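So you can see what is in the structure, the chains are spelled out below.
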Amino acid sequence: MTKHTKTATNGVNVAALLGAREALKDAPEAARFKWRATSEWVKGTHNRATVAGFFGLGTEHQHRQTYKFESDHPEVFASEDNGATPVEFVLVGLAGCLTAGIAAVAQNRNIQLHSVKATLEAGMNIQGILGIDPDVRNGFDGIKVHYDIDADASAEDIAALVAQSQKRSAVFDVVANPTDVTVTSSKS
Amino acid sequence: MSESASRGIAGTVDVVVIGAGHSGLAMSYLLGQCSLRHVVLERGEVANSWRTERWDSLRLLTPNWMTRLPGYPYRGDDPDGYMSAGQAADFISNYGTYTSAPVLTRTTVTRVAQSRHGFRVETSRGDWLCQAVVLATGAFNKPVIPRLAEAMPANVEQLSAHTYRNPRQLAPGGVLVVGASATGLQLAQEIQLSGRPVTLAVGEHVRLPRVYRGRDIQWWMLATGVLDQHIDDVDDPDRARRVPSPQLVGTSDRATLDLNVLQGQGVKIVGRLMGIRDSVAQFSGSLRNVCALADLKMNRLLAWIDQWAEANTPSGIGPTERFVPTLVGETSQLELKLGEDIRTVLWATGSKPDFSWLDLPIFDRKGDLKHSRGVADVPGVYVLGLPYLRRRKSSFIHGAEDDVRELSTHIADYFDRSTSQIKSRLRSVAI
């Protein structure tokens, strides 16, 4: 295996990740994370979501800053377009997760990345959400992700990198597999 | 000479009624009262689908006292019982005899098309010419099976509510029943009690108690006007027509059949079947949501009943009741190994009518018959017995009466109009 003689510098601290893997094997409770978001309705279909803290490694954590995400619907839905549509956030989440995975796996396999561009497209027939046709599902009828990757590796190695990233991606799993969802409400 | 012409003309009538079930026979009775010449064509025997296309233990969801047809009430000695499929078939046959309906049995309609002066109804025993056609072949001819059935591994046997008869048909081992309407629940219970562990995939459903405040729930729904609710008075007619049949069963102990009862008997409930991947069935994570919705809707109906009872004070009713919410476990199961955990899949995913023999420009983009309250888009064509055709009760046996009465009046007017048009044309020729 002399293909990659230089050390890859993709900026992912793989040693730390592998260290965490070892450490969490013996501390399974610490591996349980809870991700959180809150959201507040602004006006019309405009909504503001906030991500501040999460739970993990047995304790509460705060992000370095509070992140805010504006979501709305586009003008073709008679909305004001104050932000990306919630389903577009799903695509952003998927791209972010897969790309982070690609960088981490590349680092681990000592593959130097130069650029990683993802193009995502998801089909949706809005006859579902409008209640026109019960046979049409509300969500995406499919998601296509294409990666254009410049790296010091063969096409096969790049394909393997992308495949491994899907295998380890949280968001890929969330959109590809069913999840138990509980929604409750209270009057404030 | 065309093939149909070579078979010859069996007869000419005003109206051809296709199907000798309860709707077709009721229509025949009222057409007779309007002095319209007609014939009822039936592919098998009278009440054929009740005799040949139902599972063995099936009983009506309505009590016997409700089972009535125009001019023909229930006269038996068990008004609170629920007829078996065979008893329902006999009831309908006896009605045909009572009304002396002009039925031609063993006459399969192969094509209906427009002809120069009306319609040509081609059958296995000659063709009929007529001015109007009534489609009374029923709403439950073909099972609706989702396309994902094609992804089922070969070692899993698939049945539908149309091909299922009793649990002895099934291989030993786990059974996945897909669909939680009356059919899905009844079959899940029967199969579970036969010793085969059942998992029931639950989507949107309608939960009802069998008996409420001492009366059959159907009594309340009739008394409060719910069953008579008109299709014109509902917000979304398409949606109203798609509502699955309520979770009910007709047993001698008038027991409620709901998801809690089934879980008490060992049936596992999971969300709607959404996909099959690598021989694993995947279920939606929305089980809690669909159960909460069904509970909310049931409680809304019970509150409506209570309000009506207070205003109308019917005699001999019990105190108000509320029922335990549907129990959904802490975590719901999202996957099942097909072939290992599940040997048989039973599709209880609904039925649709079969109008494949109808050669008329009368279908919408999805292949469904276009009609307005039973009056089809092609003048002279009528349809009966579809869910919520005119009223919520339309697909029940007793629900046929009002629909048939109104549609027979429409047909009589249609003939009056055609006759007066001919007369006025003759008059103008004469002048």
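Look a little higher up for the structure.
Described in the following lines is the structure provided in the data block. (Residues numbered from 1 in each chain as written. Chains lettered and ligands numbered in written order. Predicted model: local features only at pLDDT ≥ 70, side-chain atom pairs only at ≥ 80, totals over all residues. Heavy atoms only, no water.)

## So, the environment of glycine 271 of chain B
All names here are of chain B. Heads up, the rule is: Strands are runs of DSSP state E lasting at least two residues, helices are runs of H or I lasting at least four, and both sets are numbered from the N terminus onward. Here the term buried applies to any residue with accessible area under 20% of the maximum for its type, exposed to any over 50%, and partly exposed to those in between, with areas from a 1.4 Å probe on protein chains only. Contacts are residue-level and defined by heavy atoms, with any inter-residue pair within 4.5 Å sufficient.
Looking at where glycine 271 falls in the secondary structure, it is placed in strand E15 (residues 268–271). On the basis of relative accessibility, which here comes to 0%, the residue glycine 271 falls in the buried class. Residues glycine 271 and tryptophan 219 lie 52 residues apart in sequence; the distance between their C-alpha atoms is 31 Å. Residues within four places of glycine 271 in sequence aside, it is in contact with Ala201, Val202, Phe283, Ser284 and Leu287.

## A look at the packing of aromatic side chains
All names here are of chain B. How we decide: Put simply, two rings from Phe, Tyr or Trp (the six-membered ring, in Trp's case) pair if the centres are within 6.5 Å, and we call them stacked under 30 degrees between planes, edge-to-face over 60, tilted for the rest. Look at NZ for Lys and CZ for Arg. If either is within 6 Å of the ring centre and within 35 degrees of the ring normal, a charge sits over the ring.
Inspection of every chain in the model, using the stated rule, returns 15 aromatic pairs over all chains. Ring geometry for tyrosine 72 and tyrosine 98: centres 5.0 Å apart, planes at 40 degrees, overall tilted. Remark: tyrosine 98 occurs in helix H4 (residues 85–98) and tyrosine 72 occurs in the loop between helix H3 (48–52) and H4; sequence separation between them is 26 residues. Among the residues examined, tyrosine 98 registers a relative accessible area of 44% and is labelled partly exposed. By the ring-pair criterion, three or more aromatic residues cluster together here, those being Tyr29, Tyr72, Phe91, Tyr95 and Tyr98. Between arginine 54 and the ring centre of tryptophan 50, over which it is positioned, the NZ or CZ distance is 5.0 Å.

## Topic: helix H2 (residues 86–108) of chain A
Residues and elements named next belong to chain A. Test applied: Here the expected span of a helix is defined as 1.5 Å times the quantity of residues minus one.
With 23 residues, H2 should cover 33 Å at 1.5 Å per step; its first-to-last C-alpha distance of 33 Å lies within 8% of that length. Residues Leu91, Leu94, Ala95, Leu98, Gly101, Ile102, Ala103, Ala104, Val105, Ala106 and Gln107 constitute the buried set of H2. Tucked inside the fold, the buried residues of H2 contact helix H1 (14–25), strand E4 (113–123), strand E5 (142–151), helix H3 (155–167) and helix H4 (170–176). Once H2 finishes, asparagine 110 follows within two positions and takes phi at roughly 60 degrees, a positive value.

## Remarks on the pairing of strand E19 (residues 344–347) of chain B
Residues and elements named next belong to chain B. Cut-off, in case you're wondering: Strands pair, by our definition, only if DSSP identifies at least two bridges between them.
Residues of E19 alternate between two faces, with Thr344 and Leu346 on one and Val345 and Trp347 on the opposite face, all of them buried. Strand direction decides the pairing type here: strand E10 (residues 157–160) and E19, joined by four bridges, are parallel. Bridge pairing links serine 160 to tryptophan 347 in E19. Across four bridges, strand E11 (residues 175–178) lies against E19 in parallel orientation. Within the sheet, the bridge partner assigned to valine 175 lies in E19 and is threonine 344.

## A short note on the nonpolar core
Side chains that are nonpolar tend, in soluble globular proteins, to be buried together. This is how it is decided: To qualify as a nonpolar core, a set must consist of buried Ala, Val, Leu, Ile, Met, Phe, Trp, Tyr and Cys residues joined through side-chain atoms within 4.5 Å.
Within the largest apolar cluster, 90 residues are counted, with the highest numbers of intra-cluster contacts made by Trp50, Val121, Leu135 and Leu200 of chain B. Dropping the residues within four chain positions of it, leucine 135 of chain B is found in contact with Ile18, Phe355, Trp357, Leu358, Leu369, Val381, Tyr382, Val383 and Leu384 of chain B.

## Brief notes about unusual backbone geometry
Residues and elements named next belong to chain B. A positive phi angle, near 50 degrees, is found at arginine 254, a position not held by glycine. A relative accessible area of 27% places arginine 254 in the partly exposed class. Residues other than glycine seldom take positive phi values, yet threonine 313 does so here, at roughly 35 degrees. Along the polypeptide, threonine 313 turns up in the loop between helix H9 (287–312) and strand E18 (335–337).

## Brief notes about the sheet that holds strand E1 (residues 38–43) of chain A
Residue and element names in this part refer to chain A. Selection rule: Axis angles are defined between N-to-C directions and span 0 to 180 degrees, where every axis is a line fitted to C-alpha atoms and, for a helix, only to the segment in contact.
The strand order across the open sheet formed by three strands is E1-E2-E3, and the pairing between neighbours is antiparallel. Single-partner strands in this sheet number two, and they are E1 and strand E3 (59–71). Shown here is a sheet whose adjacent strand axes are inclined to one another by a mean of 10 degrees, direction ignored. Pairing analysis gives five bridges linking E1 to strand E2 (residues 46–56), with the strands arranged antiparallel. From the neighbouring strand, tryptophan 41 faces E2, where its bridge partner is asparagine 47.

## Describing the interface of chain A and chain B
Counted only if it meets this: A quick way to say it: buried area is the sum, across both parts, of accessible area lost when two parts are put together, with a 1.4 Å probe. We define a salt bridge as a contact between a side-chain nitrogen of Lys or Arg and a carboxyl oxygen of Asp or Glu at a distance within 4 Å. A 3.5 Å cut-off defines polar contacts: any pair of N or O atoms within that distance qualifies, except that in protein one atom must be a possible hydrogen donor and the other a possible acceptor, and neighbouring residues in sequence count only when both atoms are side-chain atoms. Nonpolar residues are Ala, Val, Leu, Ile, Met, Phe, Trp, Tyr, Cys and Pro. Charged residues are Asp, Glu, Lys and Arg, and all others, Gly as well, are polar.
Counting from both sides, the interface comprises 14 residues of chain A and, opposite them, 14 residues of chain B. Carbon and sulfur atoms make up 38% of the surface buried where chain A meets chain B, a total of about 1100 Å² over both sides. Where chain A meets chain B, there are three salt bridges. For arginine 288 of chain B, the salt bridge goes to aspartate 180 of chain A, with nearest N and O atoms at 3.2 Å. Here chain A and chain B share seven residue pairs in polar contact (both at pLDDT 80 or more) between them. A class-by-class count of the residues in the side of chain A that touches chain B yields five nonpolar, five polar and four charged.

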